[in-house]
Amino acid sequence: MINNSNENFLLDDANSPDVNRKLMSAVSTDFVKVSETLREASYVIRKRGFTENPIFVVSRRPVDIGQLLLGPNELAANAWSYRASLLDEFVQRKLVAEESVDVFKESYKNPDEYCCLFVVDGDFAGFIFIPFPED
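In this numbering scheme, every chain counts its residues from 1 along its sequence in written order. Totals for whole chains, interfaces and linings use all residues, but because this is a predicted model, local features are given only for residues with pLDDT of at least 70 and pairs of side-chain atoms are given and counted only at 80 or more. To get the side-chain values, take all heavy atoms of the structure and skip hydrogens and water.

Teacher, can you tell me more about the overall build of the protein chain here?
Secondary structure assignment for the protein chain yields 3 helices and 7 strands. From first element to last, N terminus to C terminus, the protein chain shows the α and β order β-β-α-β-β-β-α-α-β-β. Out of the 135 residues in the protein chain, the part that is buried amounts to 47%. Long-range pairs, those at least 24 residues apart, make up 59% of the contacts in the protein chain with a sequence separation of at least 6. The method behind every accessible area is Shrake-Rupley, applied with a 1.4 Å probe, and residues are considered shielded solely by the protein chains displayed. Roughly 7,400 Å² of accessible area belongs to the protein chain as shown, and the carbon and sulfur atoms make up 48% of that amount. In this description a helix means any DSSP run of H or I spanning at least four residues, a strand means any run of E spanning at least two, and both kinds are numbered starting from the N terminus. We call a residue buried when its accessible area falls under 20% of the maximum for its residue type, exposed when it is over 50%, and partly exposed in between, using a 1.4 Å probe and counting protein chains only. The contact criterion used throughout is that any non-hydrogen atoms of two residues lie within 4.5 Å.

Next up, the structure:
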């Protein structure tokens, strides 16, 4: 699922190889280093009833979305910062259109197995679902 924030609607092509290959390769090495922390944060967010659909904002530059979870070089020399957010914040900021909320929830993958990342890389931003590494 990709969010084209310039047009303010969701496109239904979750993990499209053409669109997300660059993003997946850019964050996957870093993600392995922080995956357990994100898995735990996802569990806590869901357990406390904040949302069933946690979103983690990943960026190399400062962004004003969500709450800072991990800064760069904070854990195992990670290169990206990770912020925890909720779908409600994305709707309020008009990054996800209200009419796309149901599509987003339907496309959201099992949060015990996948992490929902909103990757901000240069001028591009998009959603990817990346599987948590198996133990």
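Having seen the structure, we can now continue with the description.
What should I look at first to understand the confidence of the model for the protein chain in this one?
The predicted coordinates of low-pLDDT regions are not to be read in fine detail. Per-residue confidence for the protein chain gives a mean pLDDT of 83; residues scoring 70 or more make up 84%. A score from 0 to 100, pLDDT tells how confident the predictor is in each residue. Scored below 50 in pLDDT, residues 1-19 makes 49 contacts in the model with residues more than four places away or belonging to other chains.

When you look at the environment of Val44 in this model, what are you seeing that I'm missing?
Of note, Val44 is situated in helix H1 (residues 17-47). Exposure remark for Val44: the relative accessible area of 34% places this residue in the partly exposed category. Between the alpha carbons of Val44 and Pro54 there is a distance of 9.9 Å; along the sequence they are 10 residues apart.

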